[in-house]
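Structural overview for review
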Amino acid sequence: MRKAVLAFVAFCALSAWAQQPESPAEKKSPEQTDASSQKSPGSDENLVASEPNTLISAQKIPFGARVYVAPMPNGFDNYVIAGIQKKKVPVVIVADRSKAEFEVTGIAETDKAGWAKMLFLGSQQTNESASVKMVNLKTGAVVFAYSVNKVNSVRGKQSAGEACAKHMKEKIVD
Amino acid sequence: MKHTGLVGLFLIMAVLVSGAQQQPGKAAPSEKVPDTSQVIPSGAKVFIAPMPDDFNQYLKTAIEKKKVPVTVVENRDQADFEITGYSETQKASTAKKLIMGSWHSRESASIKVVNLKTATVAFAYSYNNDNSAHGKKSSSESCAKHLKEKIESGK
């Protein structure tokens, strides 16, 4: 009887030991897996995984940083710069990439109102979609990213550019 | 006793006066130096770079019409500032004419003024109008008007 109990206990211990290596991996969420696999040495404290396969640097953009806005489709870079000035974002926009600390790149798309929209909705306003990201040119880290989608945009690209600038301002610290 | 009170009062006054005199000196180092690279001086030489749909021509005319205090030059090497930008015109479609009853075009423009010495953007402005009465003329004059305001503000 005692032998049988001992054998049963030994069997349980062995089965538990056999399952051990698999269990931590199973418990890991996809976020944790991605973050740990993409972390670069020395920058652990600056990186935050907000979504799977996404790493945005938690570092702030300094007040008065020199920013270069790269050319974007449909001249959206001009609208972003105008938005930055209008929203009084505390950065210095430079036209020369070599003089910049940060670079803003992005894409923008405009969907014009068709006849059906005009007829059924009585709206001639466009749908605007834009996405920008700001990269620290020294470290290569993405410090800010934002996308905007406006249905019936009152002021077209101007609205989208200003939305990007507004959210950029929130990221900047004194 | 009276003398002691007077001496004390005198000392307090002396400390207060010296403190008041020191304050401007202390504040001076923390004052931010104004960034002159973002100021467009009156009479600055400006080069207008080619833009889509010849918007640069409209802008040149508008600068003259609005009496913007700058000198437009044809050679980029002679300029202190460069104006670059983008413009888009969407003519009224048949649907817009029939359904909305509007013949006016949609205008969108955006310009930026770059200081060529420092490469900093001194001014930027964007314009959008769904029913522009005078097309590119309206958008260019709006840009010129705001540029003039910027120059006259001296900031």
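Residues numbered from 1 in each chain as written. Chains lettered and ligands numbered in written order. Predicted model: local features only at pLDDT ≥ 70, side-chain atom pairs only at ≥ 80, totals over all residues.

**Points about the overall build of chain A**
Check the secondary structure of chain A and you find six helices and nine strands. For chain A, the residues scored as buried account for 28% of the 174 residues in total. (Helix = DSSP H or I, 4+ residues; strand = E, 2+ residues; numbered from the N terminus. Buried ≥ 20, exposed ≤ 12 C-beta atoms within 10 Å, placed from the backbone.)

**So, the overall build of chain B**
Summing up its helical and strand segments, chain B has four helices and five strands in all. Ordered by position from the N terminus, the helices and strands of chain B form the series α-β-α-β-β-α-β-β-α. Across the 155 residues in chain B, those meeting the buried criterion constitute 35%. Excluding contacts between residues fewer than 6 apart, the proportion of contacts in chain B whose partners are at least 24 apart in sequence is 71%. (Contact = placed C-beta atoms within 7 Å.)

**Topic: the sheet that holds strand 8 (residues 142-153) of chain A**
All names here are of chain A. Spatially, five strands are ordered 5-4-6-7-8 in an open sheet, and the strand pairing comes out mixed. In this open sheet, the two edge strands, each paired with only one partner strand, are strand 5 (91-94) and strand 8. On average, each strand axis in the sheet is tilted by 25° relative to the strand beside it, whichever way the strands run. In the sheet, strand 4 (residues 65-69) pairs with strand 5 via four bridges, with the strands oriented parallel. Residue Arg66 lies in a different strand from strand 5, and its bridge partner there is Val92. (Pairing = 2+ DSSP bridges. Axes fitted to C-alpha atoms, helices over the stretch in contact; angles between N-to-C directions.)

**Some remarks on the sheet that holds strand 5 (residues 121-132) of chain B**
The strand order 2-1-3-4-5 (chain B) describes an open sheet built from five strands, whose pairing is mixed. Each of the sheet's edge strands pairs with one partner strand only, and the pair in question is strand 2 (70-73) and strand 5 of chain B. Strand-to-strand twist in this sheet, taken as the mean axis angle between neighbours without regard to direction, amounts to 25°. The sheet contact formed by strand 1 (residues 44-48) of chain B and strand 3 (residues 81-90) of chain B spans three bridges and is parallel. Paired with Ile48 of chain B across the strands is Ile83 of chain B, a residue of strand 3 of chain B. Strands in contact with helix 4 (residues 76-86) of chain A are strand 3, strand 4 (105-115) and strand 5 of chain B; relative to strand 5 of chain B, the strand with the most contacts, it is inclined by about 110°. On top of the sheet, helix 4 (residues 136-153) of chain B reaches strand 2, strand 3, strand 4 and strand 5 of chain B; it is set at about 145° to strand 5 of chain B, its chief contact.

**Concerning the interface of chain A and chain B**
Quoted interface sizes are often the accessible area lost when the parts come together. Across the contact, 23 residues belong to chain A and 20 residues belong to chain B. Of all the secondary structure elements, the ones that give two or more residues to the side of chain A that touches chain B are helix 4, strand 5, helix 5 (115-121) and helix 6 (156-171) of chain A. Looking at which element gives the most residues to the side of chain A that touches chain B, the answer is helix 4 of chain A, with five residues. Taken together, the residues of the side of chain A that touches chain B break down into 10 nonpolar, eight polar and five charged. (Nonpolar A, V, L, I, M, F, W, Y, C, P; charged D, E, K, R; others polar.)

**Structural notes on the packing of helix 4 of chain A against helix 6 of chain A**
All names here are of chain A. Between helix 4 and helix 6, whose axes approach to 7 Å, the crossing angle comes to 55°. One way to sum up the angle between helix 4 and helix 6 is to call them oblique. Here helix 4 and helix 6 pass one another in a crossing that is right-handed. Counted together, Phe76, Tyr79, Val80, Ala82, Gly83, Ile84 and Lys86 of helix 4 and Lys157, Gln158, Ala160, Gly161, Glu162, Cys164 and Ala165 of helix 6 form the full contact between these two elements. (Parallel < 35°, antiparallel > 145°, perpendicular 65-115°, else oblique. Left-handed = near helix turned anticlockwise from the far one by under 90°.)

**Things to note about the environment of Pro62 of chain A**
Residues and elements named next belong to chain A. Within the fold, Pro62 resides in strand 3 (residues 61-62). With 14 C-beta atoms packed within 10 Å, Pro62 lands in the partly exposed category. Sequence-wise, Pro62 and Val91 are 29 residues apart; in three dimensions their C-alpha atoms are separated by 8.3 Å.

**Topic: the packing of helix 2 (residues 55-65) of chain B against helix 4 of chain B**
Residue and element names in this part refer to chain B. Look at helix 2 against helix 4: their axes get within 8 Å of each other, and the N-to-C directions meet at 55°. With respect to helix 4, the element helix 2 is oriented oblique. Here helix 2 and helix 4 pass one another in a crossing that is right-handed. Contacts from Phe55, Tyr58, Leu59, Ala62, Ile63 and Lys65 in helix 2 reach Lys136, Lys137, Ser140, Glu141, Cys143 and Ala144 in helix 4. Residue composition of the contact of helix 2 with helix 4, by class: seven nonpolar, one polar and four charged.

**Here we look at the confidence of the model for chain B**
Residues and elements named next belong to chain B. Averaged over all residues, the pLDDT of chain B equals 82, while 77% of them reach at least 70. This stretch, residues 19-33, has a pLDDT under 50; its non-local contacts, to residues over four places away or in other chains, come to zero contacts. Here the predicted complex scores 0.70 on pTM and 0.70 on ipTM. (pLDDT = per-residue confidence, 0-100.)

**Quick word on the environment of Ser93 of chain B**
All names here are of chain B. Mapping Ser93 onto the fold places it in the loop between strand 3 and helix 3 (94-100). Looking at Ser93, the number of C-beta atoms within 10 Å reads 17, which means it is partly exposed. Taking the C-alpha atoms as reference points, Ser93 and Trp103, 10 residues apart in sequence, are found 8.2 Å from one another.

**Observations regarding the confidence of the model for chain A**
Residue and element names in this part refer to chain A. This prediction gives chain A a mean pLDDT of 76; 66% of its residues lie at or above 70. Every residue in residues 21-46 is under pLDDT 50, and counting partners more than four places away or in other chains gives 16 contacts. A low-confidence stretch, residues 49-53 (pLDDT under 50), is modelled with 10 contacts involving residues beyond four sequence positions or located in other chains.

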